[in-house]
Every structure is written in structure tokens, then in C-alpha cells.
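Residue strings, one per chain:
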Amino acid sequence: MEANSFLRLVGTLAACVLWGPQAHAVDVDAAVVFAVDYSASVDPEVADMQRNGHAAALTSPDVIDAIAGNHLGCISITYFEWSSPGRLRMVLPWTRICGLADAEAAALVIRKKGDTGFGRRGRSGTSVSSAIDVGCLLLGQFEGKATKKVIDISANGENNDGLPVQQSRRTAIAKGYTINAIVIPAVNESPHYRLAAYFTDHVIGGPQAFVMTPVAPSDYATALRRKLVTEISLNSGAFRKVTY
């Protein structure tokens, strides 16, 4: 990556950490970073699907039950949007979720402040590596202990900007973090190419890492809900790829 791009990324990482109130040092069952693609290829339909899908999944009975069924009965989440290096936007700082009321408050912020897919000029690149790097930084500055630490990526394209994604993945895995993904394939995706296979081979990693691929846009919220239940459940089994 060019020096200017690196400096932009460093500055934006610092802004992400300093933005908004910091979470108190409280132990949770899982700390989850939602890293959501808002690059130029994310149109209003996909943006709505991601924003509303995360809000719906977070407040679903399955997820609330999974949170309550863990040892401490609480998780912490943060939500940011990414595109090319230096093009990052914090939507929700670290927020503790211990029940439906907490989840509904966080979901409201995501729905109100999340990307709508309009005004995409200047977001040309898709830097999955930057998304992982920011996720690592956010997990590193998380105050408190978490049995699981997860970077949860939502994307509709492969890494085409910034650092090589394999380098960022290795760094995250070395820190003990898990990188999971939900991928949004193009409607006209070639039968000889599968975005999920790219993410399986090059992006995800760490304990119990997996990729989910919704079959249709209407399946996104369902797949994300099942993904989140798996991520926050301390007794979940390991698997690599699930398609809904």
C-alpha cells in the first residue's frame, strides 16, 4: 500500500478509537465487531439489506435467547462501515447488550445512522484488509474481558485496495480473534466464481471461523441471525461455510 494510503488508514483508525464514549471495563461472553461494506458497489438496496438486517438480527428472539443462555448473559458489539483505506465510518461504539431493551436501543442507532447507499462518490475501493485491521484495533481497545472476540464482516466484493488481505488475516488470528463473514454475491455472479469461496480461502480465520451466503436478498437477515447466534453461543460447534 502507498505511504499516503497507510497514513490515511492510521489516522482513521485513531479516529475510530477516539470517537464517542468508551465502554466501561465490564466482562462479557462475546465481543463482536460488525464491519459492514459501504463501498461504491453497495447500492441503496444492498445498504438497506445490511443496515436493517443487522438491526433485525440483533433484536430477534433467537439472538436474545442465545445471549441470555451464556455464562454472563451479556455481549458487547460495535458497528462500523468501511470501503477503501481511510474511508471508514463509525456507527455504533462499543455497546453492552444484556437483553432486548439494550438490543433495541443499539438497533435503533444502526437503522438511523447506518449507510443508505446514497452519496457513494469517493468510496471506490473495497479494502477487506482495512476492515480486518480496524476490527483488530477495536477489539484490542475493548475494555473488559470476552470469552470470544469476533470480527464479523459483511461484504459484496473481494479485497481490491489497501494491504493484502492475507497479511491482515494473519495478524488477527495471531491475536486470537475469529474472522467470520456474510457475503452478498452479485445477481449475475459467474457460475465459475464464488465470492464465498474467496472469503473461505483468503479472509476468514481463527477459532470456529465460517462464511454464510444468503441465497436471495430476502434471506440476508435470516442468515445473519443464525450467524450471530453461532458467534455468541459459547457451546457452538466449528464449521466453515453455511449457505442459506
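Structure: see above.
Before going into details, it helps to say that this report is about the structure given with it. Note that the coordinates shown come from a computational prediction; the quantities given were computed from them, not determined experimentally.

## Some words on the packing of helix α5 (residues 128-140) against helix α6 (residues 165-174)
Then, in step 1: Put simply, α5 and α6 touch, their axes get as near as 8 Å, and they point 20 degrees apart. With respect to their mutual orientation, α5 and α6 come out roughly parallel. Read as a crossing pair, α5 and α6 show a hand that is left-handed. On the side of α5, the interface is formed by V128, S129, I132, D133 and C136, while α6 contributes V165, S168, R169 and A172.
Then, in step 2: Of the residues belonging to the contact of α5 with α6, the class tally is five nonpolar, two polar and two charged.

## Some words on the state of the cysteines
Then, in step 1: Taken as a whole, this structure holds one disulfide when the rule is applied.
Then, in step 2: The disulfide partner of C74 is C98, and the S-S distance across this bridge is 2.0 Å. Across the disulfide from C74 to C98, rotation about the S-S bond amounts to roughly 115 degrees, and the bridge is consequently right-handed. Of this pair, C74 sits in the loop between α3 (61-68) and β2 (75-82) while C98 sits in the loop between β3 (88-97) and α4 (100-113), and the two are 24 residues apart along the sequence.
Then, in step 3: Take C98: its relative accessible area is 32%, and that puts it in the partly exposed class.

## Thoughts on α3
Then, in step 1: Taken together, the buried positions of α3 are occupied by V63, I64, A66 and I67. Each buried residue of α3 lies within a common arc of 160 degrees when the element is viewed along its axis, so the set occupies one face. In α3, the exposed positions angled more than 90 degrees off the buried face are occupied by P61, D65 and A68.
Then, in step 2: In this fold, the buried residues of α3 make contact with β1 (28-37), α2 (44-58), β2, β3, α4 and α8 (220-232).

## Brief notes about the nonpolar core
Then, in step 1: Of all hydrophobic cores here, the largest spans 36 residues; its most connected members are F80, W82, I132, I153, F199 and V203.
Then, in step 2: Those elements that provide at least two residues to this core are β1, β2, β3, α5, β4 (146-155), α6, β5 (178-183) and α7 (195-202).
Then, in step 3: Here this core takes seven residues from α5, the largest share from any one element.
Then, in step 4: Contacts of V203, omitting those with residues within four sequence positions, involve V128, I132, I153, V165, R169, I179 and Y198.
Then, in step 5: If you look at the next biggest cluster of nonpolar residues, it comprises 21 residues, including A66, I75, V91 and I232.

## Brief notes about the side chain of D29
Then, in step 1: Along the chain, D29 turns up in strand β1.
Then, in step 2: Among buried Asp, Glu, Lys and Arg side chains, D29 stands out as unpaired, with R96 the closest opposite charge at 8.5 Å.
Then, in step 3: In this structure the side chain of D29 is engaged in a polar contact, spanning 3.0 Å, whose partner is the backbone nitrogen of L72.
Then, in step 4: A polar contact of 2.9 Å, which involves the side chain of D29, links it to the backbone nitrogen of G73.
Then, in step 5: For D29, the contacting residues outside a window of four places in its chain are I67, N70, H71, L72, G73, C74, A146, T147, K148 and L234.

## Structural notes on the environment of S130
Then, in step 1: Looking at the secondary structure, you find S130 in helix α5.
Then, in step 2: A relative accessible area of 1% places S130 in the buried class.
Then, in step 3: C-alpha of S130 to C-alpha of V165: the two residues are 35 residues apart in sequence and 8.2 Å apart in space.
Then, in step 4: For S130, the side chain forms a polar contact with the side chain of S127, separated by 2.8 Å.

## Some points on the packing of α2 against α8
Then, in step 1: At a closest axis distance of 8 Å, the pairing of α2 and α8 adopts a crossing angle of 45 degrees. Judged on the interaxial angle alone, α8 and α2 are oblique. Crossing angle aside, the handedness with which α2 passes α8 is right-handed. Where α2 approaches α8, its residues M49, Q50, G53, H54, A57 and L58 are matched on the opposing element by Y220, A221, L224, R225 and L228.
Then, in step 2: Classifying every residue of the contact of α2 with α8 gives seven nonpolar, three polar and one charged.

Criteria and thresholds
- Residues numbered from 1 in each chain as written.
- Predicted model: local features only at pLDDT ≥ 70, side-chain atom pairs only at ≥ 80, totals over all residues.
- Heavy atoms only, no water.
- Axes fitted to C-alpha atoms, helices over the stretch in contact; angles between N-to-C directions.
- Helix = DSSP H or I, 4+ residues; strand = E, 2+ residues; numbered from the N terminus.
- Parallel < 35°, antiparallel > 145°, perpendicular 65-115°, else oblique.
- Left-handed = near helix turned anticlockwise from the far one by under 90°.
- Contact = heavy atoms within 4.5 Å.
- Nonpolar A, V, L, I, M, F, W, Y, C, P; charged D, E, K, R; others polar.
- Disulfide = S-S within 2.5 Å.
- Buried < 20%, exposed > 50% of the residue type's maximum accessible area, 1.4 Å probe, protein only.
- Arc of directions from axis to C-beta.
- Core = buried A, V, L, I, M, F, W, Y, C linked by side-chain atoms within 4.5 Å.
- Lys, Arg positive; Asp, Glu negative; His and termini not counted.
- Salt bridge = Lys/Arg side-chain N within 4 Å of Asp/Glu carboxyl O.
- Polar contact = N/O pair within 3.5 Å; in protein donor to acceptor, adjacent residues only side chain to side chain.

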